[in-house]
Amino acid sequence: MSQLIDADAKGLATCADHLRQGEAVAMPTETVYGLAADATQGDAIAKIYALKNRPQFNPLICHVPDLENARQLGVFNAAAEKLAAQFWPGPLTLVLPRTPDCPVHPLASAGLDTLAIRVPAHRVAQDLLRAFGRPVVAPSANPSGRLSPSQAGHVAAMLPDIPVLDGGACAIGLESSIVGCLDTASLWLRAGGLSREAIEACLGETLDEVPETHDGEAKLAPGRLARHYAPKAALRLNAETAQADELLIGFGAKAPAICAANLSAKGDMAEAAAQLFSTLHALDALAETQGKRLAIMAIPEDGLGEAINDRLRRAAQS
Ligand code: TXA
Ligand code: MG
């Protein structure tokens, strides 16, 4: 039975208690809902991998309420300092070398000597992290390979046994962008809810790419599985119109009237990002009942479009 929990003082205390006991709870953030567990307990982290059916080599993001707590976990170089000062709390994850006395269990890093750290801005995430008082690992609260949840109900549908702290619809709706601040180079590890342009403007330099075929890729960006963020229905990209057996997702003012949904009629990238996963969840369910497939119009590549197109390419892999 799924349990939606109100994010009031009582609900927060209940969830902090679950975390202390090594249990998983789903937590809202401004990007997507996360499946949270105590980052200092190996058993609790192992449960998260099992619940998500996640390959053990794919490490998790550790969430803390502020920069001061983050400093206990990771070593900040100059670039990391700049990015944290400008974008935390917010939709940015930094991959940093672990501190020598990092309290986070090594299982969260899946054998790497780095740790992914994020300070979420969502009030409920902040309240839960402060009520709990320890770092929390939280991958997106979906079974591995499925669509990320941007509403409490999405989690309840995919992971019915998990208590879900209800924080409403996620304002950004795309996972955090991930930047590696390791030596002197800053690496673009995942396009997400903060645009590459904003990050490069803050750093005053361009981010280094990790090519998809790079030998070290498994170590640098272990999460780049080709099929990921996938609806159950087949998805066709760059569609101009719908075929008879398709539900079409539109974008912008020129979308044809037959569209089943429009990510943003006014062509706004932030709105499209916020609508992406909820639209895919809803139309995937509709496609299943109608025996149809999904198609989506071309989305421009600028700003958050890079992250939207990254998710769509992975969703469309068969
Ligand atoms: O917005 C988000 O980031 C959400 C919310 C819940 O915070 N979380 C999220 O977590 O998207 P997840 O587990 O679905 O994605 C984490 C990504 C994976 O691609 C993983 O490979 C990468 O972060 N990652 C984690 N630790 C890493 C590390 N040490 N080095 C490189 N990549 C890492
Ligand atoms: Mg995920």
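Thresholds, definitions, all that
- Residues numbered from 1 in each chain as written.
- Chains lettered and ligands numbered in written order.
- Predicted model: local features only at pLDDT ≥ 70, side-chain atom pairs only at ≥ 80, totals over all residues.
- Heavy atoms only, no water.
- Helix = DSSP H or I, 4+ residues; strand = E, 2+ residues; numbered from the N terminus.
- Rg over C-alpha atoms; globule rule 2.2 N^0.38 Å.
- Buried < 20%, exposed > 50% of the residue type's maximum accessible area, 1.4 Å probe, protein only.
- Contact = heavy atoms within 4.5 Å.
- Areas by Shrake-Rupley, 256 points an atom, 1.4 Å probe, with all protein chains shown as cover.
- Pairing = 2+ DSSP bridges.
- Axes fitted to C-alpha atoms, helices over the stretch in contact; angles between N-to-C directions.
- Parallel < 35°, antiparallel > 145°, perpendicular 65-115°, else oblique.
- Left-handed = near helix turned anticlockwise from the far one by under 90°.
- Nonpolar A, V, L, I, M, F, W, Y, C, P; charged D, E, K, R; others polar.
- Disulfide = S-S within 2.5 Å.
- 1 Å grid on protein atoms, 1.4 Å probe; cavity = no way out; pocket = protein on both sides within 12 Å on 5 of 7 lines; lining within 4 Å.
- Points joined across faces, edges and corners; volume = space filled by probe spheres on them.
- Salt bridge = Lys/Arg side-chain N within 4 Å of Asp/Glu carboxyl O.
- Core = buried A, V, L, I, M, F, W, Y, C linked by side-chain atoms within 4.5 Å.
- Domains from an automatic or database assignment.
- Buried area = accessible area lost by both parts, 1.4 Å probe.

Caption draft 1: Spotlight on the overall build of the protein chain. Each helix and strand in the protein chain was counted, giving ten helices and 15 strands. Its C-alpha atoms give the protein chain a radius of gyration of 19 Å, near enough to 20 Å, the size a compact globule of 318 residues would have. The dimensions of the protein chain, computed from C-alpha atoms along their principal axes, are 60 × 50 × 35 Å. For the protein chain, the proportion of its 318 residues judged to be buried stands at 56%. Partitioning the contacts of the protein chain with sequence separation of at least 6, the portion at a separation of at least 24 is 67%. Put simply, the protein chain shows about 13100 Å² of open surface, and 53% of that area lies on carbon and sulfur atoms.

Caption draft 2: The arrangement of the sheet that holds strand β12 (residues 235-236) in detail. Pairing is parallel across the open sheet formed by four strands, whose spatial order is β12-β15-β13-β14. Two strands close off the open sheet at either side, each with one partner strand: β12 and β14 (261-262). Bridge count for strand β13 (residues 246-250) against strand β15 (residues 293-296) is four bridges, and the pairing is parallel. Bridging across to β15, Glu246 finds its partner in Arg293. Set on the sheet, helix α9 (residues 269-290) makes contact with β13, β14 and β15; between it and β13 the angle comes to about 165°.

Caption draft 3: Fine view of the packing of α9 against helix α10 (residues 305-316). As a packed pair, α9 and α10 sit with axes 9 Å apart at the nearest point and diverge in direction by 20°. Classified by the interaxial angle, the pair formed by α9 and α10 is roughly parallel. The two elements α9 and α10 meet at a crossing, and its hand is left-handed. Residues Met269, Ala272, Ala273, Leu276, Phe277 and Leu280 of α9 pack against Gly305, Ile308, Arg311 and Leu312 of α10. Classifying every residue of the contact of α9 with α10 by side-chain character gives eight nonpolar, one polar and one charged.

Caption draft 4: Here's a closer look at the state of the cysteines. Under the defined criterion, the tally for this structure stands at zero disulfides. No disulfide involves Cys102; its sulfur sits 6.9 Å from the nearest other cysteine sulfur, which is in Cys62. Residue classification places Cys102 among the buried residues on the basis of a relative accessible area of 12%. The thiol sulfur of Cys181 is not disulfide-bonded, and the nearest other cysteine sulfur, from Cys202, lies at 9.7 Å.

Caption draft 5: Here's a closer look at empty space enclosed by the protein. Going through the model one piece at a time under the given rule, you end up with one cavity of 30 Å³ or more. Here the largest cavity is characterised by a volume of approximately 30 Å³. Around the largest cavity, the lining residues are Ser177, Trp188, Ala191, Gly192, Leu194, Ser195, Arg196, Gly303, Leu304, Glu306 and Ala307. Residues belonging to the lining of the largest cavity are distributed by class as follows: five nonpolar, four polar and two charged.

Caption draft 6: Summary view of the pattern of salt bridges. For the structure on display, the rule yields 16 salt bridges. Its salt-bridge partner being Glu288, residue Lys232 comes within 3.9 Å of it at the nearest N-O pair. Here Lys232, found in the loop between α8 (217-220) and β12, pairs with Glu288, found in helix α9; they are 56 residues apart in sequence, far enough to count as distant. The salt bridge involving Lys266 is made with Glu271; its shortest N-O contact spans 3.7 Å. Overall, the relative accessible area of 67% leaves Lys266 in the exposed class.

Caption draft 7: Summary view of the nonpolar core. If you look at the biggest cluster of nonpolar residues, it comprises 76 residues, and the most contacted ones within it are Leu83, Trp88, Leu92, Leu94, Val179, Ile199 and Ile308. Among the elements that take part in this core, α9 stands out by supplying eight residues, more than any other. When residues are assigned to domains, this core turns out to be shared by domain 1 (4-209) and domain 2 (235-316), each giving three or more. Ignoring sequence-local partners within four residues, the contact set of Leu92 consists of Leu83, Phe87, Ile117, Arg118, Ser176, Ser177, Val179, Leu194 and Ile199. Membership of the second largest hydrophobic core comes to 17 residues, among which are Leu12, Met27, Phe132 and Ala138.

Caption draft 8: Region of interest: the domain arrangement of the protein chain. Once the domains are mapped, the protein chain shows domain 1 (4-209) and domain 2 (235-316). The C-alpha centroid of domain 2 is placed 27 Å from the C-alpha centroid of domain 1. Of the residues lining the interface, 22 residues belong to domain 1; the matching set on domain 2 comes to 14 residues. Here domain 1 meets domain 2 over a buried area of about 1400 Å², counting both sides, of which 60% is carbon and sulfur. For domain 1, the biggest contributors to the area lost against domain 2 are Leu147, Leu174 and Ala191; these three give 39% of the whole.

Caption draft 9: Structural detail: the pairing of strand β3 (residues 34-38). Counting buried residues along β3, five of its five residues qualify, which places the element largely inside the surrounding structure. Relative to β3, strand β2 (residues 25-27) is paired through three bridges, and the arrangement is antiparallel. Bridged to Val25 within β3 is Ala36. Linking two consecutive strands that pair antiparallel, namely β2 and β3, is a turn of six residues. Across two bridges, the pairing between β3 and strand β7 (residues 136-137) is antiparallel.

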